[in-house]
Structures are given as C-alpha cells and as structure tokens.
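Take a look at the letters that make up each chain.
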Amino acid sequence: MRITVSVIKADVGSVGGHLQPSPALRQTIANVVRDEGAPFLIDHRVGSFGDDVFILMTHTRGLNDETVHHLAWEAFLRGTACAKREGLYGAGQDLLKDAFSGNVRGMGPAVAELEFEERTAEPFVLFGADKTEPGAYNLPLYLAFADPMFCSGLLLSSKIKKGFTFRILDVAHAEADRFIDLQTPEDLYDLAALLRDNERFVVASIHSRATGDIAAAVSTTRLHNIAGKYTGKDDPVALVRTQQNFPATGEVLAPYRLCHYVGGFMRGSHTGPLMPVRAGTGVSFFDGPPIVTALAFSMSGGNLTQPVDAFDHPFWDHVRTRAAEKAITIREQGFSGNAMLPQSELEYGGIVEILDALEPRFRIAGAMVDAPSHELVAAGAR
Ligand code: 13P
Ligand code: 13P
Ligand code: MG
Ligand code: MG
C-alpha cells in the first residue's frame, strides 16, 4: 500500500516566553485535526517539542497535498486564536502569510514528507528540534547514513553498503529551490564540504541507492528567508525510515550522543550543543540548550502505533549531562567569537543598528586634523 507520512509543525504561541505550548493550545490543534481530517487521514498524532507543535499525519494523497496542508494551516490558525485568548507569547509566530495558497511550503510552518510503498514492518523515527535550524540534522544524518563508525550496516548489509543519494538544498537561494544530488560513498568528501556549512547547505532528503526508496526527509524552511527578518528559529522536523535496507533505529540515533554545536539557542543568535531530550521537554537555560526529540513509530496500512520515546533511556541521561557541560562551556565566553553566530545569521537587527549608528564615528587614520589629541597621537600625526 502506498502511504504518505506528513509532518507539519509550527510555533503558534507558548507559555512563559519561548518555552512550551499550553495544553489547551495543543488540544485545540488536535481537535481540528481529529474532526476535520477524519474524511481523508488514515491516522494522526499531535504533540510538541520545545515551543513547537507538530501534526503527524498518514494518508494516501501524496506529497504537498493541498487538502492535507490546508488542514494543518487551519489547525494552526485555530491554535493561534487559542494562544491569543490565553495570552501566550508569540501567538501565530510561524504563520507568516495571510492567505493559504496550495501548500504550506514557504508560509512559515515546517514540513517533512515521505511517500513510499509500505513495508510489511514499517519502522520510522520522527525527529523534532527546537531552538535550532534545519542544518542541525546535517551531521547526524551524514554519520548515520555514510560513516561506518556510526552505521555498522554499511559493513554488514550489502544493500546498505551500496550507499545513499543525498539531496542537498542551498537554503541561501531563497527565490527557488537550488539543490544538488550527491552519492555516497563516492562523493563523501564533497558531501562533507557542503554539510560543513549548516546555515547554507541542508540535507533535504536521502534515498537508498540499492532500491531507490526514500529513506529520510527534512524540513528546510528558513523563516528569515520568508519574512526577511527574524521571526523565530526554524526548529526543523525530520522523518527517517529505519531497518532492513536503511540504517537501524539505533544507528540513526547514535550520532546524537555527540551533542554537536549548532546555531540557535537564545534569540536564535548563538551556538549551543544539541541536547537529545525526552518528548515534551521544553527549553530553559538561556532559552535552550537546543533540543532534539526522537519518536519511533511502527505502522500498518498507515495506522500508527503509539510512539516509543527513543531518548527516554538511561544512556541519554549521561549524554544530557555532557550536553549541559558543553552548553556551560560555550556560554562562558558570552558574546565573544563563535559563541554567537556570524553577523549574517544574527536573528535580531540590533547589532546592525549599533554598527550603523557607530559608522559616522569611525575615522580614517591620517585624515583627522580636528581629532582630539590622543587620537592624533594614535594616528601618528604629532
Ligand atoms: P534483531 O536481530 O533484533 O532484529 O536486530 C537487528 C538489528 O538491526 C539491530 O540493530
Ligand atoms: P523559537 O524560534 O523557538 O520561538 O525561539 C525564539 C527565541 O528567540 C528564543 O530565544
Ligand atoms: Mg517561540
Ligand atoms: Mg521553537
């Protein structure tokens, strides 16, 4: 049976700052999906990661389907109304366009979709991250699908060994999708050269070279490309099919033990370690650290099991402690150097305003006849 799995997420308001949506907001969205999705959805789940609400849906309508996307848009609009009634912070934050037109891509909500012929057993993982950007998945996906240090399947399974096709999107190219397909293992170093730059080059999808089957899809929305200014961090979702011709679930999870540094954290403008957390965990310290959750599902005929919370395990308690230590370490240097993102990625205009205001006060040494004497000394004019 050919099934589409769609996950659409948005931040439409949260309690106490950018921490977590309220139960009423989540329930409002869930009710809309349950009632209005009944005629065409096989199954659905609504939940949250950080301050973002996700709607996971299974159906047979294919990718970018107007009816499915419109349902999510409508649910987020009603969620926004609830958020306003409750006085939540950032009500409607990620809904950047006034009128729905065809699908939610380019309108603010993040989307990841997979369409495939369902296997007899169909395990997959839904990842959701908060306080970070789509490129946060670059390294974990590279390691899970292309590095035998993390994916033993590359050595142990002849089908996995055939490698994968990575579709990489240049998210700096806002006018239209600009992408390149690279194949592992041949293009491994080219792939690393692109994925090094999490802000610009983002894994959008991965296909098996053995079978051509879709393995993974990542939301690639860059909110500041849509709004032209900071409206919140992108907070990406990803769907990853596992087992058989794909990496095992444990191999896909394994790279998250690194808690690698990603862009996001406070005001979307800093560098912080990606902490793997239990489902429903919000953020706290410095509006962070950036978090990722992993919900593992199985399904049959598009009917979803209850998820297993893959990071709810004693192993990850140890990793979380490490992530906290990494967060404290980088926060020790405050605004200095790579603790903050480069100017092009700063999510608030304040620094640009400061630099603009200071501009007339800069002088060129040697042309300062009216300058105070200490500056003339510095300029060698005495
Ligand atoms: P099982 O032998 O339990 O099916 O596990 C196979 C596997 O892929 C574990 O990573
Ligand atoms: P969100 O993108 O998760 O809403 O976070 C915004 C922010 O500025 C946090 O400090
Ligand atoms: Mg928010
Ligand atoms: Mg968020």
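Note: the structure precedes this text.
Since the model is a prediction, treat every value here as computed from it, not as a measurement.

Asker: Quick rundown of the environment of Asp181? Include the residues and the values.
Answerer: If you trace the backbone, Asp181 turns up in strand β7 (residues 179-183). On the accessibility criterion, Asp181 (36% relative accessible area) is partly exposed. Once the C-alpha coordinates of Asp181 and Gly366 are considered, the two residues, 185 residues apart in sequence, prove to be 53 Å apart. Contacts of Asp181, omitting those with residues within four sequence positions, involve Thr165, Phe166 and Arg167. Here Arg167 takes part through its side chain, which lies 2.8 Å from a polar atom of the side chain of Asp181.

Asker: Describe the coordination of the magnesium ion (ligand 4), naming the residues involved and giving the relevant values.
Answerer: Within the first shell, the magnesium ion (ligand 4) binds the protein through Asp51 (OD), Asp52 (OD), Asp130 (OD) and Asp235 (OD), at distances of 2.0 to 2.1 Å. Ordering the donors of the magnesium ion (ligand 4) by residue number gives the pattern D-D-x77-D-x104-D. Between the magnesium ion (ligand 4) and the magnesium ion (ligand 3) the interatomic distance amounts to 4.4 Å, and Asp51 serves as a bridging ligand to the pair. One end of the pair, Asp51, is in the loop between β2 (43-49) and β3 (52-59); the other, Asp235, is in the loop between α7 (223-227) and β10 (237-241), and 184 residues separate them in sequence. Among the residues examined, Asp51 registers a relative accessible area of 1% and is labelled buried. Asp235 sits in the buried class, given a relative accessible area of 2%.

Asker: Explain the site of ligand 2 residue by residue, including any values.
Answerer: Around ligand 2, a shell composed of 14 residues is seen, among which Gln93, Lys131, Lys233, Arg267 and Asp287 lie nearest. A distance of 2.8 Å is found between an oxygen atom of ligand 2 and a side-chain nitrogen or oxygen belonging to His18. Side-chain polar atom of Asp235 to an oxygen atom of ligand 2: 3.0 Å apart, as the coordinates give it. Expressed as a share of its isolated accessible area of 310 Å², the protein-covered part of ligand 2 is 99%. Of the residues assigned to the shell around ligand 2, the class counts are three nonpolar, three polar and eight charged.

Asker: Account for the packing of helix α1 (residues 23-37) against helix α2 (residues 66-86), naming residues and giving values.
Answerer: In contact at an axis separation of 8 Å, α1 and α2 are set at 150 degrees when each is read in the N-to-C sense. The angle between α1 and α2 places the two elements in the roughly antiparallel class. Remark: the crossing between α1 and α2 carries right-handed chirality. Facing α1, whose interface residues are Ala24, Leu25, Thr28, Ile29, Val32, Val33, Glu36 and Gly37, α2 presents Leu71, Glu74, Ala75, Phe76, Arg78, Gly79, Cys82 and Glu86. Each residue belonging to the contact of α1 with α2 can be placed in one class, and the counts come to nine nonpolar, three polar and four charged.

Asker: Go over the pairing of β10, please, and point to the residues and values.
Answerer: Note on strand geometry: in a regular strand, side chains alternate between the two faces of the sheet. For β10, the tally of buried residues reaches five of five residues, placing the bulk of the element in the interior. Because side chains alternate across β10, one face comprises the buried residues Val237, Leu239 and Arg241, and the other comprises Ala238 and Val240, equally buried. Bridging between strand β5 (residues 124-130) and β10 involves five bridges; their strand directions are antiparallel. Along β10, the bridge assignment pairs Phe127 with Ala238.

Asker: Describe the pattern of salt bridges, listing the residues and the values that go with them.
Answerer: With the rule as written, the count across this model stands at 21 salt bridges. In this structure, Asp51 and Lys131 form a salt bridge, with 3.2 Å as the shortest nitrogen-oxygen distance. Separated by 80 residues along the polypeptide, Asp51 in the loop between β2 and β3 and Lys131 in the loop between β5 and α3 (138-146) bring together distant segments of the chain. The shortest N-O distance in the salt bridge between Arg119 and Glu122 comes to 2.7 Å. Its relative accessible area of 1% is what places Glu122 among the buried residues.

Parameters and conventions
- Each chain has its residues counted from 1, running along the sequence as written.
- Written order determines the labels here, with chains lettered from A and ligands numbered from 1.
- Residue-level local features of this predicted model are given only where pLDDT is at least 70; pairs of side-chain atoms are given and counted only at 80 or more, and the full residue set underlies all totals for whole chains, interfaces and linings.
- The side-chain numbers reported here are obtained from all heavy atoms of the structure, hydrogens and water having been left aside.
- Strands here are runs of E lasting at least two residues and helices are runs of H or I lasting at least four, both read from the DSSP assignment and numbered beginning at the N terminus.
- The classification of residues rests on relative accessible area computed with a 1.4 Å probe and restricted to protein chains. Under 20% of the type maximum is buried, over 50% is exposed, and intermediate values are partly exposed.
- Residues count as neighbours in contact if any of their non-hydrogen atoms are within 4.5 Å of one another.
- Polar contact criterion, stated in full: a pair of N or O atoms within 3.5 Å, where within protein one must be able to donate a hydrogen and the other to accept it, and residues adjacent in sequence count only if both atoms are side-chain atoms.
- Each metal's donors comprise the N, O and S atoms found within 2.8 Å of it (within 3.2 Å for Na, K or Ca). Water is not part of the atom list, so some coordination spheres may appear incomplete.
- Consider each residue's heavy atoms; a residue with any of them within 4 Å of a molecule or strand counts as near.
- Here the Shrake-Rupley method, with its probe set to 1.4 Å, supplies the accessible areas, and only the displayed protein chains count as covering residues.
- In the scheme used here, Gly and all other residues not listed as nonpolar or charged are polar, with Ala, Val, Leu, Ile, Met, Phe, Trp, Tyr, Cys and Pro taken as nonpolar and Asp, Glu, Lys and Arg as charged.
- Axes here mean lines fitted to C-alpha atoms, for a helix over just the part in contact, with angles spanning 0 to 180 degrees between N-to-C directions.
- Oblique is the label for any angle not under 35 degrees, not over 145, and not in the 65 to 115 range, which are roughly parallel, roughly antiparallel and roughly perpendicular in turn.
- The hand of a helix crossing depends on one turn: near helix anticlockwise from the far one by less than a right angle means left-handed, and clockwise means right-handed.
- When DSSP locates at least two bridges between a pair of strands, those strands are taken to pair.
- In the sections that follow, a salt bridge refers to a side-chain nitrogen of Lys or Arg positioned within 4 Å of a carboxyl oxygen of Asp or Glu.

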